[in-house]
Amino acid sequence: EGCFGHKWVNYWLHGEFLVVDNKDSKDNKMSKSKGNFLRLQTLKDRSYSPLHYRYFVFGAHYRSQLFFSWEALDGAKNAYELLKNRVISWKLNLNKKAKNNQENKLKSELSQKFWAAMRKDLDTPIALATVWEVAKSKDLSNNEKLELLLDFDKILGFGVENFSRPDLSPELLELVKKREQARADKNWAESDTMRDELLAAGVNIKDTPQGTDWYLS
């Protein structure tokens, strides 16, 4: 607050110890004296986003010890990126149909479940599980899923509103451009072939009036 010049937060919560690598050890908490001290910069140097770590932390209740390993952080990173790509796909494929009663009921139930978990002493593992219930639901429209995730993100802070198409390698980006040209030339067979090539590389294409958009499988 001395740095910002204004009140920063109303409450501080101290999480349990971060325990490094060995779940079987009773004295393996992170400390400088043991040489196992990690900083956020360490993670950034290894190409992890702070949001990957945020997702990782939410996988355990703040009153429980958090067991750190690079494998566990990789799992959190992969889950976060998968969620991100799903959200991007929803944004590119919003439904125009009107909401039905079943969707409204399920949406309300999942919303209540998420916020009940957060009110129950910040039970983030249950909250994250509810996020994935939404993401995997076959009974909610993309609109409903996006609305729920935007609401949940008010407290999760994953940056859902700003999720946008990922960067592609120069080779894949060139393929996207060649496909756009094929479509402009009305060469539909060649365009479809390149779409299949992109799909095989894990890139889903969405054609819009503003040009080509994409998200990862």
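In short, a report on the structure. (Residues numbered from 1 in each chain as written. Predicted model: local features only at pLDDT ≥ 70, side-chain atom pairs only at ≥ 80, totals over all residues. Heavy atoms only, no water.)

Considerations on the overall build of the protein
Move 1: Along the protein, the regular secondary structure elements total eight helices and four strands.
Move 2: Element order for the protein, N to C, with α for helix and β for strand: β-α-α-β-α-α-α-α-α-α-β-β.
Move 3: On C-alpha atoms alone, the protein measures out to a radius of gyration of 21 Å, which is more than a quarter above the 17 Å that the 2.2 N^0.38 rule sets for 217 residues.
Move 4: Counting only C-alpha atoms and orienting by the principal axes, one finds that the protein spans roughly 65 × 45 × 45 Å.
Move 5: Every one of the 217 residues in the protein was classed for burial, and the buried ones make up 35%.
Move 6: Taking the contacts inside the protein whose residues are at least 6 apart along the sequence as the reference set, 62% of them involve residues at least 24 apart.
Move 7: Taken as a whole, the protein presents about 13900 Å² of accessible surface, with 51% of it coming from carbon and sulfur.
Move 8: Charge-centre separation for the protein: the mean point of 35 positive side chains lies 4 Å from the mean point of 31 negative side chains. (Helix = DSSP H or I, 4+ residues; strand = E, 2+ residues; numbered from the N terminus. Rg over C-alpha atoms; globule rule 2.2 N^0.38 Å. Buried < 20%, exposed > 50% of the residue type's maximum accessible area, 1.4 Å probe, protein only. Contact = heavy atoms within 4.5 Å. Areas by Shrake-Rupley, 256 points an atom, 1.4 Å probe, with all protein chains shown as cover. Lys, Arg positive; Asp, Glu negative; His and termini not counted. Charge placed at Lys NZ, Arg CZ, Asp CG, Glu CD.)

A look at the packing of aromatic side chains
Move 1: One pass over the structure, following the stated rule, counts twelve aromatic pairs.
Move 2: With a centroid separation of 5.9 Å and an interplanar angle of 45 degrees, the aromatic rings of Phe58 and Phe158 are classed as tilted. In this pair, Phe58 is assigned in helix α2 (residues 50-58) and Phe158 in the loop between α6 (142-156) and α7 (170-184), connecting sequence segments 100 residues apart.
Move 3: Note on Phe158: relative accessible area 1%, which makes it buried.
Move 4: Residues Phe114 and Trp115 carry aromatic rings whose centres are separated by 5.0 Å and whose planes lie at 85 degrees to one another, so their mutual orientation is edge-to-face.
Move 5: A relative accessible area of 0% places Phe114 in the buried class.
Move 6: Ring-pair connections join several aromatic residues into one group, and the members of that group are Tyr48, Tyr53, Phe56, Phe68 and Trp70.
Move 7: In this structure, Arg46 packs its charged tip against the face of Trp70, placed 3.9 Å from the ring centre. (Phe/Tyr/Trp six-rings, centres within 6.5 Å; stacked < 30°, edge-to-face > 60°. Lys NZ or Arg CZ within 6 Å of the ring centre and 35° of its normal.)

Details of a nonpolar patch on the surface
Move 1: Together, Phe4, Trp8 and Trp12 line one region of the surface with nonpolar side chains, adding up to about 450 Å² of accessible area.
Move 2: By the element assignment, Trp12 lies in the segment before β1 (18-20). (Patch = residues over 30% accessible without salt bridge, like charges linked within 9 Å, V, L, I, M, F, W, Y side chains within 5 Å. Salt bridge = Lys/Arg side-chain N within 4 Å of Asp/Glu carboxyl O.)

Section: the nonpolar core
Move 1: Formed by 38 residues in total, the largest nonpolar core has its most connected members in Tyr55 and Phe158.
Move 2: Ranked by the residues each element gives to this core, the list is headed by helix α3 (residues 70-92), at nine residues.
Move 3: Setting aside anything within four residues of it in sequence, one finds Phe158 in contact with Leu51, Arg54, Tyr55, Phe58, Tyr80, Leu83, Leu128, Asp153 and Phe163.
Move 4: Of all hydrophobic cores here, the second largest spans nine residues; its members include Leu168, Ala182, Met194 and Trp214. (Core = buried A, V, L, I, M, F, W, Y, C linked by side-chain atoms within 4.5 Å.)

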